[in-house]
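# Close look at the chain arrangement
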Amino acid sequence: MTTCSDDRHSAVFTPRIETSIDENKNPSQVHMGLVSVFSSKNVGVRAVSATLRQAGAKLDTIFFKDLIGSDAAFPTDREYDILVNLLKDLKVNIVGLSIICSSCKGIAVEITSRVHKQLGVPVIWGGPHASLLAEDSLQYADMVCHGEGDYAVVDMVNMMNCG
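Our subject in this report is the structure included herewith. (Residues numbered from 1 in each chain as written. Predicted model: local features only at pLDDT ≥ 70, side-chain atom pairs only at ≥ 80, totals over all residues. Heavy atoms only, no water.)

Quick look at the pattern of salt bridges now. Enumeration according to the criterion identifies five salt bridges in this entry. A salt bridge links Glu110 to Arg114, with the nearest nitrogen and oxygen atoms 2.6 Å apart. Taken together, the residues Glu110 and Arg114, both in helix H3 (residues 105-118) and four residues apart, mark about one turn of the helix. Looking at Arg114, the relative accessible area reads 12%, which means it is buried. Here the salt bridges do not stand alone but share partners, grouping Asp77, Asp81, Glu110 and Arg114 into one network. (Salt bridge = Lys/Arg side-chain N within 4 Å of Asp/Glu carboxyl O. Helix = DSSP H or I, 4+ residues; strand = E, 2+ residues; numbered from the N terminus. Buried < 20%, exposed > 50% of the residue type's maximum accessible area, 1.4 Å probe, protein only.)

The structure is reproduced here in structure tokens:
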């Protein structure tokens, strides 16, 4: 478990990770890091995660910060670093971000920028913000999943696995 806090904020980021990896199954397959921004109760992320797991995908689901009532502090630089280093340590080769509302867009933009710079892997945005503002989302993300992504993401991962 990784936690952090700094003098400016009392926020603590404890990444919660759900893993489904079988290295012996297919070591060259796509390994997705699916990140929920500000909600461990994100039904969309849980549905996409369950569908990907059922399809046998390599997947780590990360719940980045949690919105508890109205007491949500924006991520610190240190928390962003922890997230990106975690994705790097997990050796993901694609990152999916679920953006549940437009107020989380800035956080998604920052995560996407850091992932591109430090990991050099594609980032796909999904969730209500990405669905409602797909054109805007494509200014930052490499791909956008519009609408229900459960099976669309499985198809995308299968296509990427085929080369």
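From this point, things continue past the structure.
A few words now on the packing of helix H1 (residues 43-54) against helix H6 (residues 150-162). At a minimum axis separation of 8 Å, H1 and H6 run at an interaxial angle of 45°. Accordingly, the angle class assigned to the pair H1 and H6 is oblique. Here H1 runs over H6; the crossing is right-handed. Contacts between H1 and H6 pair Ala47, Val48, Thr51 and Leu52 from the former with Asp150, Tyr151, Val153, Val154 and Val157 from the latter. In terms of residue class, the contact of H1 with H6 is made up of seven nonpolar, one polar and one charged. (Axes fitted to C-alpha atoms, helices over the stretch in contact; angles between N-to-C directions. Parallel < 35°, antiparallel > 145°, perpendicular 65-115°, else oblique. Left-handed = near helix turned anticlockwise from the far one by under 90°. Contact = heavy atoms within 4.5 Å. Nonpolar A, V, L, I, M, F, W, Y, C, P; charged D, E, K, R; others polar.)

The final tally for this structure, using the stated rule, is two aromatic pairs. Here the aromatic rings of Phe64 and Tyr80 are separated by 6.1 Å at their centres, their planes lie at 35°, and the arrangement is tilted. With a gap of 16 residues between them, Phe64 in strand S3 (residues 58-64) and Tyr80 in helix H2 (residues 77-90) connect regions that are remote in the sequence. Residue Phe64 is classed as buried on the basis of its relative accessible area of 1%. Take Tyr80: its relative accessible area is 8%, and that puts it in the buried class. Ring centres 5.9 Å apart and planes at 15° place the aromatic pair Trp125 and Tyr140 in the stacked group. Residue Trp125 is located in strand S5 (residues 123-126), and its partner Tyr140 is located in the loop between helix H5 (134-137) and strand S6 (143-144); the two are separated by 15 residues in the primary sequence. A relative accessible area of 0% places Trp125 in the buried class. (Phe/Tyr/Trp six-rings, centres within 6.5 Å; stacked < 30°, edge-to-face > 60°.)

The phi dihedral of Lys91 is positive, around 60°, even though this residue is not glycine. Within the fold, Lys91 resides in the loop between H2 and strand S4 (94-98). For Lys91, a relative accessible area of 65% corresponds to the exposed category.

Attention now moves to the nonpolar core. In terms of nonpolar packing, the biggest core is built from 25 residues, with Val35, Leu87, Val95, Leu97, Ile111, Val115 and Trp125 touching the most fellow members. Secondary-structure elements contributing two or more residues to this core are strand S2 (31-37), S3, H2, S4, H3 and S5. With five residues, the top contributor of residues to this core is H2. Once you skip the residues sitting within four places of it in the chain, Val115 turns out to touch Val84, Leu87, Val95, Gly120, Val121 and Val123. By size, the runner-up hydrophobic cluster in this structure holds 16 residues, among which are Val48, Ile94, Cys145 and Val157. (Core = buried A, V, L, I, M, F, W, Y, C linked by side-chain atoms within 4.5 Å.)

Taken by themselves, the reported measurements are silent on function.
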